[in-house]
Amino acid sequence: MKCDDKYLKVELKILILMKLSVYSSNSSTFFIFECLKSNQLKFYKSPFLYIVIFMILGIELQSTYAFDFTSISILFIFLLVLTWYSIHFSLRNSITFILFGTSFIVSGSLLLSTHELERSDSSNESFLVKITETSSNDKIWKKTIGIRKAIIHDGSIEVCDEPILLYFESDKIEVGDWLIVNADLKWIENKNNPGEFNSERYWKIKGIEKMTFVGENQYLFMENEGINWLEKQMVQSRAYFDQILSNYLEKDELAVARALVLGDKGSLTKDLKTSFGKAGAMHVLAVSGLHVGIILFLLLFVFKQFPKWISKRNSLLFSLLIIWLYAGITGFSPSVLRATIMFSLH
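Note that the structure is a prediction, hence the values are computed from the model and not measured.

### Some thoughts on the overall build of the chain
Move 1: Scanning the chain from terminus to terminus reveals 12 helices and 7 strands.
Move 2: Here the contacts in the chain between residues at least 6 apart in sequence split such that 64% fall between residues at least 24 apart.
Move 3: Carbon and sulfur atoms form 62% of the exposed surface of the chain, whose accessible area is close to 22,100 Å².

Spelled out as structure tokens, the structure:
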């Protein structure tokens, strides 16, 4: 029973180490070599622990030295052949063990290299983007949404039409701007912390899967296409209401009010999102059909108090007009637009 407890403790240490290896390279490497020197770990008793140890070591080597993907792939195939040869012809156990361990070390490096290769675009590529939406917030990085129209690489241009999320270290970015951006695009991923907001799913629903941070010297302004009269009025109205909220609220209260009233989540801090997520109330911060329904009900209730000045038919028409204006101010999000259309048809 004591022996089982001993192996269980070692296994738990390894599993914890696997989670923390990326962040604590020196300490975890020391622990790996201590485990290998220890007589506690017999390969035939705990093969999984050895595999994990070797793969962690490979991941740490790759994160430190950044080996070339092609070289790692060739070496991995070569080691697999040698390992098969060693097992097939029953060579000495020590040789087989060394080949086995080296293969898993290289496989750890290959795993991290493949992940980095798949989850990032080439840093030598620039791209042309049109800004379609900006957020009003007080943070250093201004959140915007744009459409990547073309990829510029080695003098060639590849046309595309991909929505992306951009954070600019500048408050001069406006809707309608055409920019040439030189920054690495990364896939939007969750950090997999318990109870955190599922940002990957949130942006995927909006059709956005990639994001980037753009410094002041990483973009070139081309032109501002401008927006039509209606869009301009919507943007100005949004800015007007945002200014009213800013005059009476601040910090977290202002961030929540912007999310509830204007559908702008750019000011929400990570702690606020986490708190609402743990409470299961994250949907409250998203402007949806519920908000539209409440506004329509309040408008009809108010107009109903003045039957002498406004008829039932006109009160309904004015209410529908106001919720359509509200939908425009919030950016015609799918849920708001759907609810507005349904109320109008009903």
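### Here's the deal with the environment of S113
Move 1: Counting through the fold element by element, S113 comes out in helix α5 (residues 93–118).
Move 2: Among the residues examined, S113 registers a relative accessible area of 7% and is labelled buried.
Move 3: With residues near it in sequence (within four places) discarded, S113 still touches Q62, F67, F69 and I72.

### Quick notes on the pairing of strand β3 (residues 156–168)
For a regular strand, the rule is simple: side chains alternate between the two faces of the sheet.
Move 1: Across 11 bridges, the pairing between strand β2 (residues 142–153) and β3 is antiparallel. Each bridged residue has a counterpart across the sheet, and for T144 the counterpart in β3 is L166.
Move 2: By the bridge criterion, 4 bridges tie β3 to strand β6 (residues 210–214) in an arrangement that is parallel. Across the sheet, the residue bridging to L165 is M211, located in β6.

### Things to note about the packing of helix α10 (residues 289–304) against helix α11 (residues 312–329)
Move 1: Running from N to C, α10 and α11 point in directions that differ by 145°, and their axes come no closer than 9 Å. As α10 packs across α11, the resulting crossing turns out to be right-handed. Contacts from V292, I295, L296, L299, L300 and F303 of α10 reach α11 at S315, L316, F318, S319, I322, I323 and Y326.
Move 2: Residues belonging to the contact of α10 with α11 are distributed by class as follows: 11 nonpolar, 2 polar and no charged.

### Side note on the pairing of β6
Move 1: Burial analysis of β6 places 4 of its 5 residues in the buried class, which makes it a mostly covered element.
Move 2: Where strand β5 (residues 186–187) and β6 come together, 2 bridges link them in antiparallel fashion. What sits directly across from W187, in β6, is K210.

### Observations regarding the pattern of salt bridges
Move 1: Here the structure, examined in full by the defined rule, presents 3 salt bridges.
Move 2: Note that R148 is salt-bridged to E162, the shortest N-O span being 2.6 Å. With a gap of 14 residues between them, R148 in strand β2 and E162 in strand β3 connect regions that are remote in the sequence.
Move 3: Residue R148 is classed as buried on the basis of its relative accessible area, which comes to 4%.

### Quick look at the packing of aromatic side chains
Move 1: Throughout the structure, instances matching the rule amount to 8 aromatic pairs.
Move 2: Judged by centre distance (5.6 Å) and plane angle (70°), the rings of Y240 and F241 are edge-to-face.
Move 3: Note on F241: relative accessible area 37%, which makes it partly exposed.
Move 4: Between F306 and W309 the ring centres are 6.2 Å apart and the planes differ by 65°, which places this aromatic pair in the edge-to-face class.
Move 5: The rings of W141, Y167 and F213 are connected pair by pair, giving a single aromatic cluster.
Move 6: The aromatic ring of F127 is capped on one face by R148, whose charged end is 5.6 Å from the ring centroid.

### Observations concerning the sheet that holds β5
Move 1: If you trace the 7 strands from one edge of the open sheet to the other, you get β5-β6-β3-β2-β1-β4-β7, paired in mixed fashion. The open sheet has two edge strands, β5 and β7 (219–224), and neither has a second partner.
Move 2: As judged from the 5 bridges shared by strand β4 (residues 177–181) and β7, these two strands associate in the antiparallel manner. Each residue of the ladder has a partner; that of V181, found in β7, is Y219.

### Re the confidence of the model for the chain
Move 1: Looking at the chain as a whole, the pLDDT averages 76, with 80% of positions reaching at least 70.
Move 2: Of all secondary-structure elements in the chain, the lowest mean pLDDT belongs to helix α2 (residues 25–37), at 49, while β6 reaches the highest, 90.
Move 3: The low-confidence segment residues 19–29, where pLDDT is below 50, has 10 contacts with residues more than four positions distant or belonging to other chains.

### A short note on a nonpolar patch on the surface
Move 1: Side chains of L290, I294, F297, L298, F301, V302, F306 and W309 sit close together on the surface and give an oily, nonpolar patch of about 930 Å² of accessible area.
Move 2: The topology assignment puts F301 in helix α10.
Move 3: With a relative accessible area of 49%, F301 lands in the partly exposed category.

Conventions we followed
- Residues numbered from 1 in each chain as written.
- Predicted model: local features only at pLDDT ≥ 70, side-chain atom pairs only at ≥ 80, totals over all residues.
- Heavy atoms only, no water.
- Helix = DSSP H or I, 4+ residues; strand = E, 2+ residues; numbered from the N terminus.
- Contact = heavy atoms within 4.5 Å.
- Areas by Shrake-Rupley, 256 points an atom, 1.4 Å probe, with all protein chains shown as cover.
- Buried < 20%, exposed > 50% of the residue type's maximum accessible area, 1.4 Å probe, protein only.
- Pairing = 2+ DSSP bridges.
- Axes fitted to C-alpha atoms, helices over the stretch in contact; angles between N-to-C directions.
- Left-handed = near helix turned anticlockwise from the far one by under 90°.
- Nonpolar A, V, L, I, M, F, W, Y, C, P; charged D, E, K, R; others polar.
- Salt bridge = Lys/Arg side-chain N within 4 Å of Asp/Glu carboxyl O.
- Phe/Tyr/Trp six-rings, centres within 6.5 Å; stacked < 30°, edge-to-face > 60°.
- Lys NZ or Arg CZ within 6 Å of the ring centre and 35° of its normal.
- pLDDT = per-residue confidence, 0-100.
- Patch = residues over 30% accessible without salt bridge, like charges linked within 9 Å, V, L, I, M, F, W, Y side chains within 5 Å.

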